[in-house]
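# Coordinate inspection notes
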Amino acid sequence: MSKPVKKIVFPVAGLGTRFLPATKAIPKEMLPVVDKPLIQYAVEEALEAGIDQIMLVTGRNKQVMEDHFDHAYELEKILQEKGKEEALEISRSMLLPEGSIHYVRQMQPRGLGHAIWCARHFTESDPFAVALPDDLIKGKPGTLKQMVEAYGKVGGNIVATMEVAREDTSKYGVITPGAHSGSLTEVKGLVEKPNPEDAPSCKAVVGRYILQPEVMGHLADKQIGAGGEIQLTDAMAKLIGEQPFHALDFDGKRFDCGSKIGWLTANLALAAEDPATAAKLDEFISFK
C-alpha cells in the first residue's frame with residue numbers, strides 16, 4: 001500500500017513580472033480573485049484533499065503570505081470592539097493548526113525544479129503534492145482531491161493534464177501517452193516546452209502533481225533544461241519506467257492566473273457564482 005499524501009509544496013518565489021506594477025510590492029500569489037488571494041484558494045484545495053502539512057517556498061518580499069496565514073491581532077481587536085463578528089470570523093478563517101505551515105526561501109531564481117528541491121528537508125522520504133497557485137482550477141471536488149483519490153488506486157506519480165491546441169504545446173510540459181483507463185493515462189515520456197511540430201501529444205501538464213520522494217535525488221543533479229533553468233519536468237521524466245506514472249484528466253475549469261486575461265476571466269467566473277456579486281455583475285455585463 002502506498003504512503004498517503006499528507007504534504008504539499010507551493011513554489012511561490014516568482015517575481016510576477018507580467019503583473020507589474022501591481023506586483024512590485026505585493027506577491028502575485030496575493031492578488032485577489034473576488035475576495036480571496038490566489039494562495040488561499042490553493043491552500044483550501046489542499047486541505048479539502050486531506051493534505052495537512054504545507055510548505056511555501058518563498059523569495060524576497062513574500063513575507064505578506066506568512067502574515068496572511070497568521071493572526072492579525074490589531075485588526076482582530078478592532079473588529080471585536082466594533083462587534084463585527086462576521087468580519088472577524090473571515091479574518092481568522094485561514095488560521096491553520098500550529099506547526100502545519102512551513103516556509104523556506106529559494107535563494108536564487110533557478111526554476112521550478114530548483115524551488116521544489118529547496119523543500120527536500122520538508123518532504124523527506126514521503127510522497128508529496130505540488131501545486132502552482134497561478135493555476136486556479138475550479139471544480140468539485142477540487143483537482144488535488146481527484147488526484148489523491150486516483151493515487152489511492154494506482155500509487156506512484158500523477159500529474160494533472162488537459163488538452164491544449166498544438167500551437168500552445170510550447171508553453172507546457174507535454175506527455176507521451178500510453179494506455180488509457182477512464183480519466184487516467186499512462187505516461188511514457190515527458191518533455192518541457194516542445195516545439196509544436198515535435199510535441200508527442202497535445203496533453204499538457206498543468207500545475208498539480210503528486211510525486212514520490214525519489215524525484216528529489218534527480219533534482220539534486222541540478223540539470224539545466226529549457227529556458228536555462230532547472231526543470232521539474234526533466235526530473236520527473238527520469239522516474240518513468242522506475243515507478244508508476246500517470247496523467248489525470250481532471251474534472252474542472254482551469255484559469256491561468258499568471259496571465260492578465262486568465263486572472264480577469266477567473267474573477268468574472270467566480271463573481272458570477274457569488275450571490276453577493278452575481279446580480280450586479282450580470283446587470284453590468286447586460287448593460288455593456
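Residues numbered from 1 in each chain as written. Predicted model: local features only at pLDDT ≥ 70, side-chain atom pairs only at ≥ 80, totals over all residues. Heavy atoms only, no water.

## Here we look at the overall build of the protein
Regarding its fold elements, the protein presents 11 helices and 13 strands. In terms of overall dimensions, the protein is globule-like: its C-alpha atoms have a radius of gyration of 19 Å, near the 19 Å expected for 288 residues. Each principal axis of the C-alpha atoms in the protein carries an extent, and together these give about 60 × 45 × 40 Å. With the model as given, the accessible surface of the protein reaches about 14700 Å², and the carbon-plus-sulfur share is 53%. Across the protein, 33 positive and 40 negative side-chain charges occur, with their mean positions spaced 3 Å apart. (Helix = DSSP H or I, 4+ residues; strand = E, 2+ residues; numbered from the N terminus. Rg over C-alpha atoms; globule rule 2.2 N^0.38 Å. Areas by Shrake-Rupley, 256 points an atom, 1.4 Å probe, with all protein chains shown as cover. Lys, Arg positive; Asp, Glu negative; His and termini not counted. Charge placed at Lys NZ, Arg CZ, Asp CG, Glu CD.)

## Looking at unusual backbone geometry
Residue P21 is reached from L20 by a cis peptide bond, and omega for that bond is 5 degrees. In this fold, P21 is placed in the loop between β1 (7–11) and β2 (32–33). P141 follows K140 through a cis peptide bond whose omega is -5 degrees. Note on placement: P141 falls in the loop between β7 (135–138) and α7 (143–154). A positive phi angle, close to 50 degrees, is found at K193, a residue other than glycine.

## Thoughts on empty space enclosed by the protein
For the structure on display, the rule yields 1 cavity of 30 Å³ or more. Of the volumes computed, that of the largest cavity is approximately 40 Å³. Listed by contribution, the elements that provide at least two residues to the lining of the largest cavity are α8 (215–219) and α9 (232–237). (1 Å grid on protein atoms, 1.4 Å probe; cavity = no way out; pocket = protein on both sides within 12 Å on 5 of 7 lines; lining within 4 Å. Points joined across faces, edges and corners; volume = space filled by probe spheres on them.)

## Here we look at the packing of aromatic side chains
Scanning the entire structure with this criterion turns up 1 aromatic pair. Over the face of the ring belonging to F122 we find K7, whose NZ or CZ atom lies 5.5 Å from the ring centre. K36 extends its terminal NZ or CZ atom over the ring of Y41, reaching a point 4.7 Å from the ring centre. (Phe/Tyr/Trp six-rings, centres within 6.5 Å; stacked < 30°, edge-to-face > 60°. Lys NZ or Arg CZ within 6 Å of the ring centre and 35° of its normal.)

## Let's talk about the side chain of T58
Within the fold, T58 resides in strand β4 (residues 53–58). A relative accessible area of 6% means that T58 is categorised as buried. (Buried < 20%, exposed > 50% of the residue type's maximum accessible area, 1.4 Å probe, protein only.)

## Notes on the nonpolar core
Among the nonpolar cores identified, the biggest contains 35 residues, and I8, F10, I39, V43, I54, L56 and L144 are the most heavily contacted of them. Where this core is concerned, the elements lending two or more residues are β1, α1 (38–48), β4, β6 (128–131), α7, β8 (157–163) and β11 (203–211). Counting 30 residues, the second-largest nonpolar core is a separate cluster that includes V215, L219, L239 and I240. (Core = buried A, V, L, I, M, F, W, Y, C linked by side-chain atoms within 4.5 Å.)

## Some points on the layout of surface pockets
The volume enclosed by the second largest pocket comes to roughly 540 Å³. In terms of lining, the second largest pocket is formed by 16 residues, of which the most central are K36, Y41, K138, K140 and L270. Secondary structure elements with two or more residues in the lining of the second largest pocket: α1 and β7. Ranked by residues supplied to the lining of the second largest pocket, first place goes to α1 with 4 residues. Its residues assigned to classes, the lining of the second largest pocket shows 5 nonpolar, 2 polar and 9 charged. (Nonpolar A, V, L, I, M, F, W, Y, C, P; charged D, E, K, R; others polar.)

## Regarding the pairing of strand β9 (residues 173–181)
Relative to strand β10 (residues 184–192), β9 is paired through 7 bridges, and the arrangement is antiparallel. Bridge pairing in β10 links G173 to E192. Here β9 hands over to β10 after 2 residues, with G182 in that stretch at a positive phi of 65 degrees. Alignment of β9 against β11, held across 2 bridges, turns out to be antiparallel. Residue pairing across strands places V174 opposite A204, the latter belonging to β11. (Pairing = 2+ DSSP bridges.)

## Brief notes about a nonpolar patch on the surface
A cluster of nonpolar side chains, contributed by L268, F284 and I285, occupies part of the molecular surface with about 300 Å² of accessible area. Topologically, I285 is positioned in helix α11 (residues 278–287). (Patch = residues over 30% accessible without salt bridge, like charges linked within 9 Å, V, L, I, M, F, W, Y side chains within 5 Å. Salt bridge = Lys/Arg side-chain N within 4 Å of Asp/Glu carboxyl O.)

## Digging into the packing of helix α3 (residues 73–81) against helix α4 (residues 85–92)
Packing of α3 against α4 leaves a shortest axis separation of 8 Å and a crossing angle of 160 degrees. By the criterion of interaxial angle, the relationship of α3 to α4 is roughly antiparallel. As for the relative orientation of α3 and α4, their crossing is left-handed in sense. Of the residues in α4, those touching α3 at L75, E76, L79 and Q80 are A87, L88, S91 and R92. A breakdown of the residues in the contact of α3 with α4 according to their chemical character gives 4 nonpolar, 2 polar and 2 charged. (Axes fitted to C-alpha atoms, helices over the stretch in contact; angles between N-to-C directions. Parallel < 35°, antiparallel > 145°, perpendicular 65-115°, else oblique. Left-handed = near helix turned anticlockwise from the far one by under 90°. Contact = heavy atoms within 4.5 Å.)

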